[in-house]
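# A look at the structure
Residues per chain, in single letters:
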Amino acid sequence: MPVEASGPILSTIPTHEDWIKKALRLAEKAFSNGEVPVGAVVVKDNKIIGQGYNQKERLNDSTAHAEIIAITAASNTINDWRLNDCSIYVTKEPCPMCAGAIINSRLKSLIFGAYDGKKGCCGSLYQLCGDKRLESVTSVKGGILEDQCSILIKDFFNSKRD
């Protein structure tokens with residue numbers, strides 16, 4: 001006798017929101033360590049192959065942004081600097097350095113949370129990712145869980161002003 005499904009079949013494929021939530025948990029770790037709360041995950045075949053959060057203060061390294069750490073970890077995981085079939089999820093729009101790293105690592109897509117009107121180079125001030133003049137093939141989608149990502153950053157800077 002056949003069994004009938006009662007209710008909708010739920011997808012097991014993670015959504016953009018699911019990956020940004022994972023990046024948000026990393027951003028919260030940065031916040032608790034006194035770092036600007038940005039987190040990033042690199043995903044390939046629906047698996048995280050690299051992750052990072054800001055560690056500039058802890059490492060005394062101006063390049064220790066979440067994206068750079070996640071890209072380095074992903075490259076080490078697959079033993080290749082080319083991340084052609086990978087996507088990066090970041091809680092905040094990347095700066096020029098990180099946008100350059102995203103392009104140079106050949107990530108296929110960038111998905112981010114909060115826009116950055118002061119330093120963002122993936123839609124706000126500039127659009128480096130996807131710029132054909134730079135031979136970039138990276139697609140960009142911003143504003144995923146934007147409120148949650150923005151609030152975390154605002155809370156961090158408000159706590160520094162107190």
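For clarity, every value in this text was computed on a predicted model and none was experimentally measured. (Residues numbered from 1 in each chain as written. Predicted model: local features only at pLDDT ≥ 70, side-chain atom pairs only at ≥ 80, totals over all residues. Heavy atoms only, no water.)

### So, the pattern of salt bridges
The condition is simple: In what follows, salt bridge is the name for a side-chain nitrogen of Lys or Arg lying within 4 Å of a carboxyl oxygen of Asp or Glu. A simple rule labels every residue: compare its accessible area, found with a 1.4 Å probe on the protein chains alone, to the largest value its type can have, and call it buried under 20%, exposed over 50%, or partly exposed in between. Where helices and strands are cited, they refer to DSSP runs of H or I of at least four residues and of E of at least two residues respectively, numbered from the N terminus.
What the rule picks out here adds up to three salt bridges. With its nearest N and O atoms 3.2 Å apart, the salt bridge here joins D80 to R82. Residue class for D80 comes out partly exposed when judged on its relative accessible area of 27%. In this structure R82 comes out as partly exposed when scored by relative accessible area, which is 35%. The salt bridge partner of K92 is D116, with a shortest N-O separation of 2.9 Å. Highlighted residues: K92 in strand 3 (residues 87-92) and D116 in the loop between strand 4 (109-114) and strand 5 (139-141), separated in sequence by 24 residues. Here K92 matches D116 in class, with each residue buried.

### Considerations on the packing of helix 1 (residues 16-32) against helix 5 (residues 146-161)
Helix-helix packing: each pair is described by the crossing angle between the helix axes and the interaxial distance. Worth spelling out the cut-off: Helix axes are fitted only over the stretch in contact, all axes being lines through C-alpha atoms; the angle between N-to-C directions runs from 0 to 180 degrees. Angle categories are assigned with fixed cut-offs, so that under 35 degrees is roughly parallel, over 145 is roughly antiparallel, 65 to 115 is roughly perpendicular, and the rest are oblique. In what follows, residue pairs with any heavy atoms lying within 4.5 Å of each other are defined as contacts. Note that Gly is not counted as nonpolar here; it falls among the polar residues with everything else outside the nonpolar set of Ala, Val, Leu, Ile, Met, Phe, Trp, Tyr, Cys and Pro and the charged set of Asp, Glu, Lys and Arg.
Two numbers describe how helix 1 lies on helix 5: the axes approach to 11 Å, and their chain directions differ by 5°. Between helix 1 and helix 5, the crossing angle belongs to the class labelled roughly parallel. Here I20, L24, A27, E28 and F31 of helix 1 come into contact with helix 5, specifically with Q148, C149, L152, D155, F156 and S159. Class assignment of the residues belonging to the contact of helix 1 with helix 5 gives a composition of seven nonpolar, two polar and two charged.

### Describing the sheet that holds strand 2 (residues 47-53)
Neighbouring strands of a sheet are bound in pairs by backbone hydrogen bonds; such pairs are parallel or else antiparallel. The cut-off we apply is this: Strand pairing is assigned whenever DSSP identifies at least 2 bridges connecting the two strands.
Spatially, the five strands line up as an open sheet ordered 2-1-3-4-5, and their pairing is mixed. A single partner strand is all that each edge strand has here, and the edge strands are strand 2 and strand 5. Across this sheet, the average inter-strand angle for adjacent strands is 15°, counted without regard to direction. Pairing analysis gives six bridges linking strand 1 (residues 39-44) to strand 2, with the strands arranged antiparallel. Directly across from V43, in strand 2, lies its bridge partner I48.

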